[in-house]
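If you want the building blocks of each chain, they are given just below.
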Amino acid sequence: MLKIGLTGGIGSGKSEVAKRLSARGAVVIDADKIAREVVEPGTPGLARVQATFGEEVIRPDGSLDREKLGAIVFADQEQLAKLNAIVHPLVGERVAQLQSEAPGDAIVVYDVPLLAENNLAPMYDVVIVVDAADEVRIARLAEHRGMAEPDAKARIAAQASREERLAVADLVIPNEGSLDDLDARVEEVWAELLKRAAHG
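The following paragraphs examine the structure supplied in this document. (Residues numbered from 1 in each chain as written. Predicted model: local features only at pLDDT ≥ 70, side-chain atom pairs only at ≥ 80, totals over all residues. Heavy atoms only, no water.)

**So, the nonpolar core**
Formally: Residues enter a nonpolar core if they are buried and are Ala, Val, Leu, Ile, Met, Phe, Trp, Tyr or Cys, with the set joined through side-chain atoms within 4.5 Å. Burial classes follow relative accessibility: with a 1.4 Å probe on protein chains only, a residue under 20% of its type's maximum area counts as buried, one over 50% as exposed, and anything between as partly exposed. In this description a helix means any DSSP run of H or I spanning at least four residues, a strand means any run of E spanning at least two, and both kinds are numbered starting from the N terminus. Contacts: residue pairs with any heavy atoms within 4.5 Å of one another.
Grouped together as the largest cluster of nonpolar side chains are 29 residues, with contacts concentrated most on Val49, Phe53 and Leu69. Elements supplying a minimum of two residues to this core: helix H3 (44-53), helix H4 (66-73), helix H5 (77-101), strand S3 (107-111) and strand S4 (126-131). If sequence neighbours within four positions are ignored, Leu69 has contacts with Val49, Phe53, Val57, Leu64 and Leu83. Counting 19 residues, the second largest nonpolar core, distinct from the first, contains Leu6, Leu21, Ile107 and Leu193.

Have a look at this one:
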């Protein structure tokens, strides 16, 4: 099994790359997506969040009110630690389960937004960084997510710099051009991953 860490700053197009790798046969494990799944209505995770933070973080339809919860935890390290203590072990269990269900010769891609920030590179056989210039990413965030430029800049500034990310990369997927360019580069990277997987 080949373990790939896939990362890239906000607006770099990392999810587009994850989609394309998945279409080619990779098993993609997206920790952010799992973190949302473990607190969906009816889950033990949501019940624990409710018991810890109270009814006010639950919407009338029974789902988690992320904005309210965010307002509580981002203002207070202790509350954030409580939330992480609920969510992280559940995410860990789900990741382990997905990993164990993957075939032995699978190429498993972990979509890890903060790989460089949290020094996680040593956990993977190959680290792929999706790279785009800051100004390209700012334009994308404005266009696709309606994010104001100061907000986009603040988000980018809060993450690792391009240099820090590129320093941990084994393979780089530049993504400043068209989706066709991206497809072509993903195809090259996929061929390289298959080669590495075959040679173990």
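Once the structure has been displayed, the description carries forward.
**Some details on the packing of helix H6 (residues 134-145) against helix H7 (residues 149-158)**
Which entries qualify depends on this criterion: Only C-alpha atoms enter the line fits that serve as axes; for helices the fit covers just the stretch in contact. Angles between N-to-C directions range over 0 to 180 degrees. What sets the label is the angle itself: under 35 degrees gives roughly parallel, over 145 gives roughly antiparallel, 65 to 115 gives roughly perpendicular, and the rest give oblique. Working rule for handedness: look at the near helix, and if it is turned counterclockwise from the far one by less than a right angle, call the crossing left-handed; if clockwise, right-handed. Residue polarity is assigned by list, with Asp, Glu, Lys and Arg as charged and Ala, Val, Leu, Ile, Met, Phe, Trp, Tyr, Cys and Pro as nonpolar; anything else, Gly included, falls into the polar class.
As a packed pair, H6 and H7 sit with axes 9 Å apart at the nearest point and diverge in direction by 130°. In terms of orientation, H6 lies oblique with respect to H7. The chirality of how H6 crosses H7 is right-handed. Judged by residue contacts, Asp134, Arg137, Ile138 and Leu141 of H6 engage Glu149, Ala152, Lys153 and Ile156 from H7. Of the residues that constitute the contact of H6 with H7, the class distribution is four nonpolar, no polar and four charged.

**Structural notes on the environment of Ala167**
Looking at the element boundaries, Ala167 is found in helix H8 (residues 162-167). Expressed as a C-alpha distance, the spacing of Ala167 and Ala116, which sit 51 residues apart in the sequence, is 8.7 Å.

**Digging into the sheet that holds strand S5 (residues 171-174)**
Stated precisely, the cut-off is as follows: The pairing criterion is simple: DSSP has to find at least two bridges between the two strands.
If you walk across this open sheet you meet the five strands as S2-S3-S1-S4-S5, and the pairing is parallel. Either end of the sheet is taken by a strand with one partner, and the two such strands are strand S2 (27-30) and S5. Across the sheet, the axes of successive neighbouring strands diverge by a mean angle of 25°, strand direction being ignored. Inspection of the sheet shows S2 paired to S3 by four bridges, in the parallel sense. Opposite Ile29, over in S3, you have Tyr110 as the bridge partner. On top of the sheet, H5 reaches strand S1 (2-8), S2 and S3; it is set at about 180° to S2, its chief contact.

**Considerations on the pairing of S3**
Most of S3 sits out of view: five of its five residues are buried. Burial along S3 is two-sided: Ile107, Val109 and Asp111 facing one way and Val108 and Tyr110 facing the other are all buried. The pairing of S1 with S3 spans five bridges and is classified as parallel. By the bridge assignment, Gly5 is partnered in S3 with Tyr110.

**Here's the deal with the packing of H3 against H5**
At a minimum axis separation of 10 Å, H3 and H5 run at an interaxial angle of 165°. One finds that H3 runs roughly antiparallel with respect to H5. Every pair of crossing elements has a handedness; the one defined by H3 and H5 is right-handed. Taking contact as the criterion, the partners of Gly45, Arg48, Val49, Thr52 and Phe53 in H3 are, on H5, Gln79, Lys82, Leu83, Ile86 and Leu90.

**A look at the pattern of salt bridges**
Operational definition: Throughout this description, the term salt bridge denotes a Lys or Arg side-chain nitrogen within 4 Å of a carboxyl oxygen of Asp or Glu.
Applying the stated criterion across every chain, the model contains 17 salt bridges. With a closest N to O distance of 3.5 Å, Lys19 and Glu16 form a salt bridge. Of this pair, Lys19 and Glu16 both sit in helix H1 (residues 14-23), separated by three residues, roughly a single helical turn. The exposure class assigned to Lys19 is exposed, which follows from its relative accessible area of 54%. Note that Arg24 is salt-bridged to Glu187, the shortest N-O span being 2.9 Å. With a gap of 163 residues between them, Arg24 in the loop between H1 and S2 and Glu187 in helix H9 (residues 179-199) connect regions that are remote in the sequence. Accessibility expressed as a relative area gives 25% for Arg24, which makes it partly exposed. Residue classification places Glu187 among the partly exposed residues on the basis of a relative accessible area of 40%. Salt bridges linked by common partners bring Glu16, Lys19, Arg20 and Asp183 together as one network.

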